[in-house]
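Analysis of the macromolecular model
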Amino acid sequence: MIDVTELVRTVFSGLSALVIEDVEDAGEVVCVRARTRGGAVACPGCGTQTARVHGYHERTVADVPVGGRRVVVCVRVRRMRCPVPGCPRQTFREQVPGVLDRYQRRTARLAGQVSAVGRELAGRAGARLLPALGIVLSRHTALRALLRIPLPVLAVPRVLGIDDFALRRGLVYATVFIDAETGRRVDVVPGRTAEVTEKWLLGHPGAEVVCRDGSGAYGEAVRQALPGAVQAGDRWHLWHGLGEAVRKEVAAHCACWAKDMPLQEGKRAATTAERRQQVHELRAQNVGLLDCARRLNLTLNTVKRYDRASQPQRLQRVPKYRPTLVDPHRDYLRKRRAEEPGAPVQQLLREIRERGYQGSSNLLVRYINQGRLDSDRPHLSPRQASRILLTRPDRLTGGQAETLARIEAACPEMTALTALIRSFAGMLTPARENDAGLQRWITTAGEADLPHLHSFTRGLDLDVQAVTAALTLPYHNGRTEGVNNKTKMIKRQMYGRAGFALLRHRILLG
């Protein structure tokens, strides 16, 4: 037979520092009566050991649930008297470390459970989950328990990662600092300006390598605060920037890689060609882009686009045809039109409906009238075509590989662009020889007739040291981006209560 005393000690092992006198079943609550063990205790004022008892008090605290029922512990504690004359604490209540904390109405282990739930779910979600565990408290109490969790000690790492995230998109931003090697959060400060970052770096020196994106503000702050630190750009951002330039170049050469597409006609096309001619005539007279925009009453970006287009065809765009229900029956319809050129549309509609077509007759008529049935050209958007160019060749399907070959051979510019993409992709694996390779790549890209890519190379020249470090050193800012992704999730959980102090606390505890 199991001893009742041993059973109580097993069930309430977290209260082993107390002497359990009685356990009462009060329905939905289990009431435990206990007392302290006695003996001398240290005075919190002067540290003198004393065993003199001034009186007794009873504290009521909540403990972890047992069997899904709440547990209330009634503890008789002693009020002790300090024997040292003149001590600021003549009397004091004894505390039980690890069980009872001063001014708390929950045991240490229950407070730890509440803090763990609050750390992951914060206020409202934590308050909804805790009752299922037998713990009832409000969302405000859960938030207070969360904010009482001590933050980790701030230590500046050797490799520091810096990035910004939005508190209110387009309006308010903040900056997060992490250990780029381990992902440990270091600090979060409001603002993303060079002054804010420089002030933080001056107050926390010691970083040898700083990983960042292409932000000029962060670069200037690091140069001013840590002139001896190595700035390393982020390879993902370099590839993303190249992808944007490639998409624009592919869009500018639509008339090349979609050869069967006729040039646009009509008033709009004539106006576009006329404005392009006006821009080129003014540029031939050494008129600046901004002055051209003012004279022609056009936006600056429109003038830039006309100026970059060396031929009128560069301003053409491929029609954006979305996939339709007719596409699976395209080969059959082409075969029927070849066999019987005058076949009525309604007859074709009945035939493909027998093959599983579920669309309308109007959709089939538009499909035929738009030329999508008889045209052999690929109906790719510039974004889809650029995605094929940016994908590793060994990951392309058979049809995509054929499309890649067709785009690559469309014109000399597309051939040069494809070669530049492949050579830049080879440098994304850090190596020492990438230093010289980057300079050769920039020179080769500058000699090609690819104006959008020239804008990308000018950005590389402005931050060439950080770009070189990104391609030669193994450091990157990927873990910082991961922290920002988790921050977005935290913000969604805290919708309606996302104060910066609380958000910072949760990020640093992550």
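Everything that follows concerns the structure shown earlier in this document.
Residues numbered from 1 in each chain as written. Predicted model: local features only at pLDDT ≥ 70, side-chain atom pairs only at ≥ 80, totals over all residues. Heavy atoms only, no water.

**Section: the overall build of the chain**
What counts here: Starting at the N terminus, helices and strands are each numbered in turn, a helix being any DSSP run of H or I of at least four residues and a strand any DSSP run of E of at least two. Our radius of gyration is a C-alpha quantity, and the globule rule it is checked against amounts to 2.2 Å times the number of residues to the power 0.38. Three labels apply to residues, based on accessible area from a 1.4 Å probe with only protein chains included: buried if under 20% of the type maximum, exposed if over 50%, partly exposed otherwise in between. Here a residue-residue contact requires only that any non-hydrogen atoms of the pair lie within 4.5 Å. Here the accessible surface of atoms and residues is derived via Shrake-Rupley with a 1.4 Å probe, and residues count as covered only by protein chains that are part of the display. Positive charge is attributed to Lys and Arg, negative charge to Asp and Glu, and no charge count is given to His or to the chain ends. In plain terms, the charge of a residue is placed at NZ if it is Lys, CZ if Arg, CG if Asp and CD if Glu.
Of the regular secondary structure elements, the chain holds 22 helices and 12 strands. The C-alpha radius of gyration computed for the chain amounts to 36 Å, which surpasses the reference 24 Å derived for 510 residues by more than 25%, pointing to a less compact arrangement than a globule. With the C-alpha coordinates aligned to their principal axes, the bounding extent of the chain is approximately 105 × 65 × 45 Å. The 510 residues of the chain split such that 41% are buried. Long-range contacts, defined here as pairs at least 24 residues apart, represent 60% of the contacts in the chain between residues at least 6 apart. By element, 51% of the accessible surface of the chain is carried by carbon and sulfur atoms, the whole surface being about 28000 Å². Side chains of the chain carry 79 positive and 50 negative charges; the gap between the two charge centres is 7 Å.

**Section: the nonpolar core**
Operational definition: We define the nonpolar core as a collection of buried residues of types Ala, Val, Leu, Ile, Met, Phe, Trp, Tyr and Cys that are connected through side-chain atoms lying within 4.5 Å of one another.
Within the largest apolar cluster, 34 residues are counted, with the highest numbers of intra-cluster contacts made by Leu417, Trp441, Leu453 and Leu460. Of all elements in the fold, only α7 (235-252), α8 (254-257), α15 (382-390), α16 (398-408), α17 (412-426), α18 (434-447), α19 (451-462) and α20 (464-472) reach the threshold of two or more residues within this core. In this view, Leu417 contacts Val246, Glu249, Val250, Leu389, Leu450 and Leu453; residues no more than four positions away in its chain are not counted. Ala122, Leu143, Val176 and Val188 belong to the second-largest nonpolar core, a separate cluster that totals 17 residues.

**Overview of the side chain of Asn484**
Here Asn484 is to be found in helix α21 (residues 478-493). Not counting chain neighbours up to four residues away, the residues in contact with Asn484 comprise Asp163, Asp164, Phe165 and Val176.

**Section: the sheet that holds strand β12 (residues 230-232)**
Spelled out, the test is: At least two bridges found by DSSP between two strands is the condition for calling them paired. Axis definition: a line fitted to C-alpha atoms, over the contacting stretch in the case of helices. Angles run 0 to 180 degrees between N-to-C directions.
Sheet architecture is open: 5 strands sit in the order β10-β9-β8-β11-β12, paired in mixed fashion. Each end of this open sheet is capped by a strand with a single partner; those strands are β10 (185-190) and β12. Recorded for the sheet is a direction-independent mean angle of 25° between the axes of neighbouring strands. With 8 bridges connecting them, strand β8 (residues 159-168) and strand β9 (residues 172-179) associate as antiparallel partners.

**Notes on the environment of Arg223**
Counting through the fold element by element, Arg223 comes out in helix α6 (residues 216-225). By relative accessible area, Arg223 is classed as partly exposed at 44%. Distance in space between the C-alpha atoms of Arg223 and Ala401 is 45 Å, their sequence separation being 178 residues. Not counting residues up to four positions away in its chain, the partners in contact with Arg223 are Gly216 and Gln231.

**Observations concerning the pairing of β10**
When you tally the buried positions in β10, you get 5 out of 6 residues, the bulk of the element. The pairing of β9 with β10 spans 5 bridges and is antiparallel. Bridge pairing in β10 places Ala174 opposite Pro190. Hairpin connection of β9 to β10: 5 residues between the antiparallel strands, including Gly183 at a positive phi of 85°.

**Some points on α7**
This is how it is decided: To estimate how far a helix should reach, multiply one less than its number of residues by 1.5 Å.
For α7, which comprises 18 residues, the first-to-last C-alpha distance of 26 Å matches the rise-based estimate of 26 Å (1.5 Å per residue) to within 8%. Buried residues of α7: Arg235, Leu238, Leu242, Gly243, Ala245, Val246, Glu249, Val250, Ala251 and Ala252, and no others. Those residues of α7 that are buried lie in contact with α8, α15, α17, α18, α19 and α20.

**So, the pairing of strand β5 (residues 53-66)**
The sheet contact formed by β5 and strand β6 (residues 69-81) spans 11 bridges and is antiparallel. Residue pairing across strands places Val66 opposite Arg69, the latter belonging to β6. Linkage of β5 to β6, two consecutive antiparallel strands, is achieved through a turn of 2 residues, within which Gly67 is found at a positive phi near 60°.

**Some thoughts on helix α9 (residues 267-284)**
Applied cut-off: In this description, one arc is meant: the one made by directions from the helix axis to the C-beta atoms.
Here α9 contains 18 residues, and its C-alpha end-to-end distance of 26 Å stays within 8% of the 26 Å for a straight helix at 1.5 Å per residue. Every buried residue belonging to α9 is among Ala269, Arg276, Val279 and Leu282, and all of these are buried. Down the axis of α9, the smallest arc covering the buried residues is 155°, so these residues share one side. Exposed and oriented more than 90 degrees from the buried face of α9 are Lys267 and Ala284. Residues of α9 that are buried sit in contact with α10 (289-296) and α11 (300-308). Asn286 lies just past α9 and shows a positive phi near 65°.

**Structural notes on the packing of helix α4 (residues 139-147) against helix α22 (residues 500-509)**
For the record, the criterion: The scheme is simple: roughly parallel for angles under 35 degrees, roughly antiparallel for over 145, roughly perpendicular for 65 to 115, oblique for anything else. Take the far helix as the reference: if the near one is turned anticlockwise from it by less than a right angle, the crossing is left-handed, and if turned clockwise, right-handed. For this scheme, ten residues count as nonpolar: Ala, Val, Leu, Ile, Met, Phe, Trp, Tyr, Cys and Pro. Four count as charged, namely Asp, Glu, Lys and Arg, and the remainder, Gly too, count as polar.
Close contact between α4 and α22 brings their axes to 10 Å; oriented N to C, the two are set at 55°. If you check the angle between α4 and α22, you find them oblique. Remark: the crossing between α4 and α22 carries left-handed chirality. Across the interface between the two elements, Leu143, Leu146 and Leu147 from α4 touch Leu502, His505, Arg506 and Leu509 from α22. Grouping the amino acids of the contact of α4 with α22 by side-chain chemistry returns 5 nonpolar, 1 polar and 1 charged.

**Examining the packing of aromatic side chains**
Using the following cut-off: Any Phe, Tyr or Trp ring, taking Trp's six-membered ring, that has another such ring centre within 6.5 Å forms a pair; planes under 30 degrees apart are called stacked, those over 60 apart edge-to-face, and the others tilted.
Under the counting rule described, the total for this entry stands at 4 aromatic pairs. Consider the rings of Phe424 and Phe456, whose centres lie 6.0 Å apart with planes at 75°: the pair is edge-to-face. Pair noted here: Phe424 is in helix α17 and Phe456 is in helix α19, with a separation of 32 residues, a long-range link. Taken as a pair, Phe424 and Phe456 share a single burial class, namely buried.

**Topic: the packing of α17 against α18**
Contact geometry for α17 and α18: axes closest at 11 Å, N-to-C directions at 165°. In terms of their interaxial angle, α17 and α18 are classed as roughly antiparallel. Remark: the crossing between α17 and α18 carries left-handed chirality. For the pair α17 and α18, the contacting residues are Leu420, Ser423 and Phe424 in the first and Trp441, Thr444 and Ala445 in the second. The residue makeup of the contact of α17 with α18, split by class, is 4 nonpolar, 2 polar and no charged.

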